[in-house]
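# Working through the structure, step by step
One letter stands for each residue in the lines below.
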Amino acid sequence: MKALLRGTCFLATCLIAAVFTAGSSPATKSANSWNQKAAAAYLDQREGWWMAWPVAARDHATFCVSCHTAVPYALSRPALRAALAEHAPSANERSLLDNVTKRVRLWQEVEPFYRDGKDGVNKTTESRGTEAVLNALILASYDAQNGSLSDDARAAFNDMWALQQTAGDEKGAWPWLKFNNEPWEARDSQYYGASLAAVALGAAPQDYRSTPEIQNNLKLLREYLTREYAQQVAINRVVLLWASTKWPGLLLPEQQASIIDEALSKQQADGGWSLSSLVGTWKRADGTAQEVKSDGYATGLITFALQRAGLPRENVRLKQALSWLVRNQNKTEGLWPAYSLNKRRDPSSDTGRFMSDAATAYAVLALTQTK
């Protein structure tokens with residue numbers, strides 16, 4: 001009888017466990033997964049909108065390559081191909097690459113994205129420097145996928161080196177757009193741009209950095225990044241950390257560790273980061289208060305950079321960050337929320353989603369990072 005009762009109790013326990021397991025399985029799966037197809041659809045839709053937006057249109061039937069939408073799209077969209085069973089760039093990736101390639105080939109003919117007479121003092125020079133870096137970054141990143149540096153990417157790097165500053169306080173960097181907009185077009189964004197140049201160089205295949213003709217340029221860039229390091233806001237140093245993971249020796253191990261420690265010290269209780277805590281005392285132009293809750297841009301970028309820097313996914317703080325990203329995707333629309341540092345925007349408007357464009361891209365990079 002006791003044996004029978006034990007068997008009955010054991011069977012009942014198994015049945016109850018099975019019921020709870022069956023009932024909780026979808027919730028568990030949902031809590032630990034994210035919608036890659038929705039993320040790809042969001043990124044594709046936003047890049048498509050940007051390319052067709054009249055405000056983004058430029059001469060020679062080209063469009064502006066934006067820091068908030070186009071560049072993050074180019075860096076992140078390839079990471080979603082496996083989930084979509086794609087074997088080649090998406091249609092919008094191809095359009096973006098064709099646009100960049102066209103502007104590189106017509107570099108002496110196309111007008112800058114912004115001009116002095118129309119957009120403000122020094123905007124022609126700033127625009128050229130910014131575009132040169134972004135063109136090299138996009139083309140080198142795509143060439144890294146096939147292991148061969150194209151003639152167009154080499155031309156983009158040549159344009160970039162031709163505009164590198166060789167004297168003064170900005171020696172080693174590039175003229176960079178300053179529209180008083182954080183985090184990509186403010187007075188401190190020149191360092192961000194120089195760090196992106198370092199990312200491009202780290203991505204360039206065929207050991208491009210060993211090219212004899214660019215050794216002095218590399219030296220000037222390293223010296224600038226070192227010289228201005230201490231004055232940077234935290235988010236700029238995170239981009240430098242990312243660059244150092246692609247360019248060995250760019251930072252000393254203790255410098256990498258310092259950036260990692262700084263980033264982790266600003267992680268919030270929910271596992272994410274708020275961009276407003278990473279840009280010093282920056283205030284919005286409209287006087288509204290900065291958003292202090294965690295956002296997808298800061299969390300995605302930092303989580304991506306920390307993984308690139310060698311933090312294993314088993315690291316407790318990194319697990320919390322990845323969990324935040326999984327929990328905070330809008331699974332229907334595919335996006336991650338992020339907020340303007342410069343004024344309060346309607347998050348449902350096209351321009352109000354600029355930060356979410358970048359947030360979604362870096363969230364994708366963080367969640368698909370495998371090493």
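Residues numbered from 1 in each chain as written. Predicted model: local features only at pLDDT ≥ 70, side-chain atom pairs only at ≥ 80, totals over all residues. Heavy atoms only, no water.

### Considering the overall build of the chain
Counting its secondary structure elements, the chain contains 14 helices and two strands. By the compact-globule yardstick of 21 Å for 371 residues, the chain fits well, its C-alpha radius of gyration being 23 Å. Across its three principal directions, the C-alpha atoms of the chain cover 95 × 50 × 45 Å. Expressed as a percentage of its 371 residues, the buried residues of the chain come to 52%. Partitioning the contacts of the chain with sequence separation of at least 6, the portion at a separation of at least 24 is 69%. In the chain, which carries 41 positive and 37 negative side-chain charges, the distance between the mean positions of the two groups comes to 8 Å. (Helix = DSSP H or I, 4+ residues; strand = E, 2+ residues; numbered from the N terminus. Rg over C-alpha atoms; globule rule 2.2 N^0.38 Å. Buried < 20%, exposed > 50% of the residue type's maximum accessible area, 1.4 Å probe, protein only. Contact = heavy atoms within 4.5 Å. Lys, Arg positive; Asp, Glu negative; His and termini not counted. Charge placed at Lys NZ, Arg CZ, Asp CG, Glu CD.)

### Things to note about unusual backbone geometry
For the bond running from E182 to P183, omega is 5 degrees, close enough to zero to count as cis. If you trace the backbone, P183 turns up in the loop between α7 (151-162) and α8 (189-203). Despite not being glycine, H60 has its phi angle at roughly 55 degrees, a positive value. By relative accessible area, which is 35% here, H60 ends up partly exposed. In this structure, D207 is a non-glycine residue whose phi angle is positive, near 50 degrees.

### Observations concerning the nonpolar core
Ranked by size, the top nonpolar core spans 112 residues in total, and within it F157, W242, Y297 and W336 carry the most contacts. Here this core gets eleven residues from one element, more than from any other, and that element is helix α14 (residues 354-368). (Core = buried A, V, L, I, M, F, W, Y, C linked by side-chain atoms within 4.5 Å.)

### Examining the packing of α8 against helix α10 (residues 234-246)
Two elements in contact, α8 and α10, have axes whose closest approach is 8 Å; the angle formed by their N-to-C orientations is 15 degrees. With respect to α10, the axis of α8 lies roughly parallel. Of the two elements, α8 crosses α10, and the hand of that crossing is left-handed. On α10, the residues touching Y191, Y192, S195, L196, A198, V199, G202 and A203 of α8 are N236, V239, L240, W242, A243 and K246. In the contact of α8 with α10, the residues fall into ten nonpolar, three polar and one charged. (Axes fitted to C-alpha atoms, helices over the stretch in contact; angles between N-to-C directions. Parallel < 35°, antiparallel > 145°, perpendicular 65-115°, else oblique. Left-handed = near helix turned anticlockwise from the far one by under 90°. Nonpolar A, V, L, I, M, F, W, Y, C, P; charged D, E, K, R; others polar.)

### With respect to the confidence of the model for the chain
Mean pLDDT over the chain: 92, with 91% of residues reaching 70 or higher. Predicted confidence is poor over residues 1-31, with pLDDT under 50, and the contacts of this stretch with residues over four places away or in other chains come to one contact. (pLDDT = per-residue confidence, 0-100.)

### Topic: the environment of S294
Considering the arrangement of structural elements, one finds S294 in the loop between α11 (253-265) and α12 (296-308). Given a relative accessible area of 5%, S294 falls into the buried group. For S294, the side chain forms a polar contact with the side chain of D270, separated by 2.8 Å. (Polar contact = N/O pair within 3.5 Å; in protein donor to acceptor, adjacent residues only side chain to side chain.)

### Regarding α12
Relative to the 18 Å expected for 13 residues at 1.5 Å per residue, α12 spans 18 Å between its end C-alpha atoms, a close match to the ideal helical length. Counting buried residues in α12 gives twelve out of 13 residues, a clear majority hidden from the surface. Among all positions of α12, only G296, Y297, A298, T299, G300, L301, I302, T303, F304, A305, L306 and Q307 are buried. Buried-residue contacts for α12 involve α10, α11, α13 (316-328) and α14. At the N-terminal end of α12, a side-chain oxygen is found 3.0 Å from the backbone nitrogen of Y297, two or three residues along, and the residue is D295. Among the residues trailing α12, G310 stands out with phi positive, at a value near 110 degrees. (Expected span 1.5 Å × (residues − 1).)

### Let's talk about the pattern of salt bridges
Under the counting rule described, the total for this entry stands at 15 salt bridges. One salt bridge connects R353 with E333, and the closest N-O pair in it is separated by 2.7 Å. In this pair, R353 is assigned in the loop between α13 and α14 and E333 in the loop between α13 and α14, connecting sequence segments 20 residues apart. On the accessibility criterion, R353 (16% relative accessible area) is buried. (Salt bridge = Lys/Arg side-chain N within 4 Å of Asp/Glu carboxyl O.)

### Thoughts on the packing of aromatic side chains
Under the counting rule described, the total for this entry stands at 16 aromatic pairs. Taken together, W184, W242, Y297, F304 and Y362 form an aromatic cluster joined through their ring pairs. Positioned over the ring face of F179 is K123, at 5.2 Å from the centre of the ring. The positively charged end of R237 is found above the aromatic ring belonging to Y229, 5.5 Å away from the centroid. (Phe/Tyr/Trp six-rings, centres within 6.5 Å; stacked < 30°, edge-to-face > 60°. Lys NZ or Arg CZ within 6 Å of the ring centre and 35° of its normal.)

### A short note on the state of the cysteines
In this structure the tally under the stated criterion is zero disulfides. Free cysteine: C64, not disulfide-bonded; nearest cysteine sulfur from C67 at 8.1 Å. Exposure remark for C64: the relative accessible area of 5% places this residue in the buried category. (Disulfide = S-S within 2.5 Å.)

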